[in-house]
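# Coordinates in review
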Amino acid sequence: MLTWWRRVRVENEMLYLFLRRPVAQLAALAAFLSIMGALFAPLITPSNPYDLASFDILDSFLPPAWSDGGDPRFIIGTDDQGRDLYSSILYGTRLSLLIGLCSVAFAAVLGTALGVAAGYFGGRFDAVVMRIADVQLSLPAILTALLVDGVARGLLPRQQHEELLLVVLTVAIALSLWVDFARTARASTFVERNKEYVQAAEIMGLHPIRIMAVAILPNILGPLMVIGTVDLAVAILLEATLSFLGVGVPADQPSLGTLIDTGKDYMFSGEWWIVIFPAAMLISMIIAVNLLGDFFRAVLNPRLR
C-alpha cells in the first residue's frame, strides 16, 4: 500500500513539473511524433522503400517539391535510387528505433540483473562483475560494438549473415551499454541492502532471487529509467554510426545511418537534401530523447530542480 501511494505521488509530481517545463513538453512532442511516424509509416507514406516495384530509377535525384525541378509526388525529394526520401526517412526511423529499443531493453535486463546481484551478494561475484565493467569502460562504446559485431560475423556461417544481421547489431549495441545499468543498479542495491524491509524478508526465509526481484528492484527503478532514456539516444546514434561505417544494416534496408551514408556522397554535387533531411531527423530525435532524460533525472532527484 505504501509503495502504491508513493508511486501515485511521484506520478502526480512528475505531471505537475512536466506542465511547467516547455522544453520538456517540446521534447516529448518531438519524440511522440517520431515514434508515431515510425509506427504508422506504412499508412502515411506514399511508397514502401523496401519494395523494388514502388520506385523508379528515372526518378532519382529529384529535389524537394518546392524547388525548381521538384515533383509534387516527392515532398522532400528522392535519393540516388529514386526512392521517396520522406518514406525512406520514416521507415529508417522505424528501423533505428526498433534496434535502439531492443538494444536498451537487452542491456537493461543484463546490466540490472548483474548489478543487483553484485550489490546483494558482494564478495568475489561483485569483484568479477565490476572488473569486467571497468575493462569495458576503458573502451569507447562504438569500439565495443564494432568488436562484438566483427566477432559475431566471424563465428556465424556466411549464409546466415543477412538473416541474423539485425540480431547481431542489436546484441552488439546492447553489450556496449550494459555497464551503465550494472553500476547504477549495484550502487542503489548497496543502499537498499541494509534496510529493514530487506532484512525482514531474509528473516522470513525468502529466496534471494525473490528478494532482489520483488523487494529491491522496484525501489531502484527511478535511476535506471533515467539511464534507459539517455542510453536510448546513445543506442540510436550507435546504430546510425555503425550503418554509416557500413557494418550496420544493409544499404537496401534504409535506416537513418545508411541514408546519411548515401547522402554524403552527393552533398557537394548539389543533391544536399539526400543527407540534410535524414541527418536533421536523427539529430532532432536524439536531442528530444536527451532532453526527456534530463527531465526525468531532475524529477527523480529533487536537488537538481
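Predicted, not measured: the structure shown is a model, and the values here were computed from it.

### A word on the packing of helix H5 (residues 123–137) against helix H8 (residues 178–193)
For the pair H5 and H8, interaxial distance at closest approach is 10 Å and the crossing angle is 140°. Taken together, the axes of H5 and H8 are oblique relative to one another. The two elements H5 and H8 meet at a crossing, and its hand is left-handed. Across from Asp-126, Val-129, Met-130, Ile-132, Ala-133, Asp-134, Gln-136 and Leu-137 in H5, the residues of H8 making contact are Trp-178, Val-179, Arg-183, Arg-186 and Phe-190.

### Notes on unusual backbone geometry
Here the phi dihedral of Phe-61 falls at roughly 65°; this positive angle occurs in a residue that is not glycine. Examined against the element boundaries, Phe-61 turns out to sit in the loop between helix H3 (41–44) and helix H4 (85–121). Take Phe-61: its relative accessible area is 28%, and that puts it in the partly exposed class.

### Digging into the nonpolar core
One recurring pattern in soluble globular proteins is that nonpolar side chains are buried together. Ile-89, Ile-173, Trp-178, Ile-211 and Leu-282 are the most contacted members of the largest nonpolar core, which totals 54 residues. Residue contributions to this core peak at 11 residues, all from H4. What Ile-211 contacts, discounting residues up to four positions off in sequence, is Tyr-120, Val-198, Ala-201, Glu-202, Leu-206 and Ile-216. One finds Leu-17, Ala-31, Val-226 and Ala-288 within the second-largest nonpolar core, a separate group that totals 11 residues.

Calculation notes
- Residues numbered from 1 in each chain as written.
- Predicted model: local features only at pLDDT ≥ 70, side-chain atom pairs only at ≥ 80, totals over all residues.
- Heavy atoms only, no water.
- Axes fitted to C-alpha atoms, helices over the stretch in contact; angles between N-to-C directions.
- Helix = DSSP H or I, 4+ residues; strand = E, 2+ residues; numbered from the N terminus.
- Parallel < 35°, antiparallel > 145°, perpendicular 65-115°, else oblique.
- Left-handed = near helix turned anticlockwise from the far one by under 90°.
- Contact = heavy atoms within 4.5 Å.
- Buried < 20%, exposed > 50% of the residue type's maximum accessible area, 1.4 Å probe, protein only.
- Core = buried A, V, L, I, M, F, W, Y, C linked by side-chain atoms within 4.5 Å.

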